[in-house]
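Observations on the three-dimensional arrangement
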Amino acid sequence: MTPPKQMIRVLVVDDSALMRKLIPQLLERDNSIHVIGTAMDGAFAIKKIEELKPDAITLDLEMPRMDGIETLRHIMREHQVPVVVVSAHTREGAATTFKALHMGAFDFVAKPENVLAEGMSEIATELIIKIKAAVNSPFLRRAVPSAGKVSYPKPKAAYVAGPASKVVAIGISTGGPNSLEYMLGQLPADFAAAILVVQHMPAGFTETFARRLNESCPLDVKQAQSGDLLSAGRVLICAGDRHMRVRRMPLGDVVVLSDDVKVNGHRPSVDVLFRSVAPEFGADAVGLLMTGMGEDGAEGLGVMKAAGALTIAQDEASSIVFGMPRAAIERGYANRIVSLESLASTLIVHCGSLRSLPIKEPYPVRPVGRL
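As the structure is a computational prediction, the values presented were derived from the model and not from experiment.

**Overview of the sheet that holds strand 2 (residues 33–39)**
- As summarised here, the arrangement of the five strands in space is 2-1-3-4-5, forming an open sheet in which the pairing is parallel. Each edge of the open sheet carries a strand with a single partner, namely strand 2 and strand 5 (107–110). Neighbouring strand axes in the sheet, compared pairwise and without regard to direction, differ in orientation by 25 degrees on average.
- Judged from the six bridges that link them, strand 1 (residues 8–13) and strand 2 form a sheet pairing that is parallel.

Spelled out as structure tokens, the structure:
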């Protein structure tokens, strides 16, 4: 029977015969999705795209003959069909995944290490949600500006990290990697605030993500570890599958990671970070919700606003998915609604740079005790 026209027609591309069988089964748990075909590599995929005209594609990146990157390049150039990457859970797989996102893939789902594990239901839900978001988002008409074109004002080594004047807490999800890279690339090396980021991303990918950001922007970026100091010009990316909170300590303000239960279906959760920052930093904090699905972070942004923080939501026109920012705006929790292109300048005006602030002594070089 021919499926109704309103159904989302998906092409599954994967070199694994098992995944070509499993992914359609997962997707068709949702009666609005119909898998119209599968392909074992990029060469077959291109032929089937031209023949079947899918609404969305799931794409493996490690394939023979024509790999996923070359296939994606062809799709973006010739067809502009939204692509959700199904990525290998390895360091090499993570690096290739971020390259794919930079090239135009909508989002990714981590390929399960054990397809017989109980987590397959959760992966199915994530994949279905992201395919629907990809089809419904006009992301192909909203390209994120190239971070590579940004001219960095100072090299990283030009400034000695000291106590931060303020703390900027950022929550971000779908569309985040490219948007965050662009925004951070516009901040100066002597930015006076510390930046904490919760990006919805699985374990095994955030370290590579942080490394990529560190190489592409003038700030010092790293995956957060418990005990890391909140220093001016430093960006701490919450590790995948961990929550991140802040704590005031005698030797300086630090982050603390935990394995507490998921909040809003997420670990890391933006709400956990925002609710931690609010009472500790009050008016010396900035809360920023950027592109992403769902509502994680909206209530936490409200807590930050009540504590006196400046609260910002990315605007709809520049958001790949206007979910998290919309939820905060509709509840009245955002002081300001700002485009992606203007976020960095807004933060610079509010937080300043080290050159614009009184000179402070850097943190003493002593280890922080166990938390």
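Structure shown, so let's carry the discussion forward.
**Focus on the environment of Gly104**
- With respect to the element layout, Gly104 can be found in the loop between helix 4 (91–103) and strand 5.
- Residue classification places Gly104 among the buried positions, given a relative accessible area of 19%.
- Remark: the alpha-carbon pair of Gly104 and Leu72, spanning 32 residues in sequence, is separated by 8.0 Å.

**Considering the sheet that holds strand 12 (residues 285–289)**
- Pairing is parallel across the open sheet formed by seven strands, whose spatial order is 8-9-7-6-12-13-14. Single-partner strands in this sheet number two, and they are strand 8 (220–223) and strand 14 (336–338). Here the strands of the sheet are splayed against their neighbours by 20 degrees on average, with no regard to which way each runs.
- As defined by bridge partners, strand 12 adjoins strand 13 (residues 310–314) across four bridges and the pair is classed as parallel. Bridging from a neighbouring strand, Val286 pairs with Leu310 of strand 13.
- Strand contacts of helix 6 (residues 176–185): strand 6 (167–172), strand 7 (194–199), strand 9 (234–237) and strand 12, with the helix running at about 155 degrees to strand 6, the strand carrying the most contacts.

Rules behind the numbers
- Within each chain, residue numbers correspond to sequence positions counted from 1 in written order.
- This being a predicted model, a pLDDT of at least 70 is required before a residue's local features are given, and a value of 80 or more before pairs of side-chain atoms are given or counted; all residues contribute to the totals for chains, interfaces and linings.
- For the side-chain quantities, the full set of heavy atoms in the structure was used; hydrogens and water were omitted.
- Pairing between two strands is assigned when DSSP locates at least 2 bridges connecting them.
- Each helix is a run of H or I in the DSSP string that is no shorter than four residues. Each strand is a run of E no shorter than two, and both are numbered from the N terminus.
- Working convention: axes come from line fits to C-alpha atoms, limited for helices to the stretch in contact. Angles between N-to-C directions cover 0 to 180 degrees.
- Accessibility here uses a 1.4 Å probe with only protein chains present; expressed as a share of the type maximum, an area under 20% marks a residue as buried, one over 50% as exposed, and anything in between as partly exposed.
- We call two residues in contact when some of their heavy atoms are within 4.5 Å.

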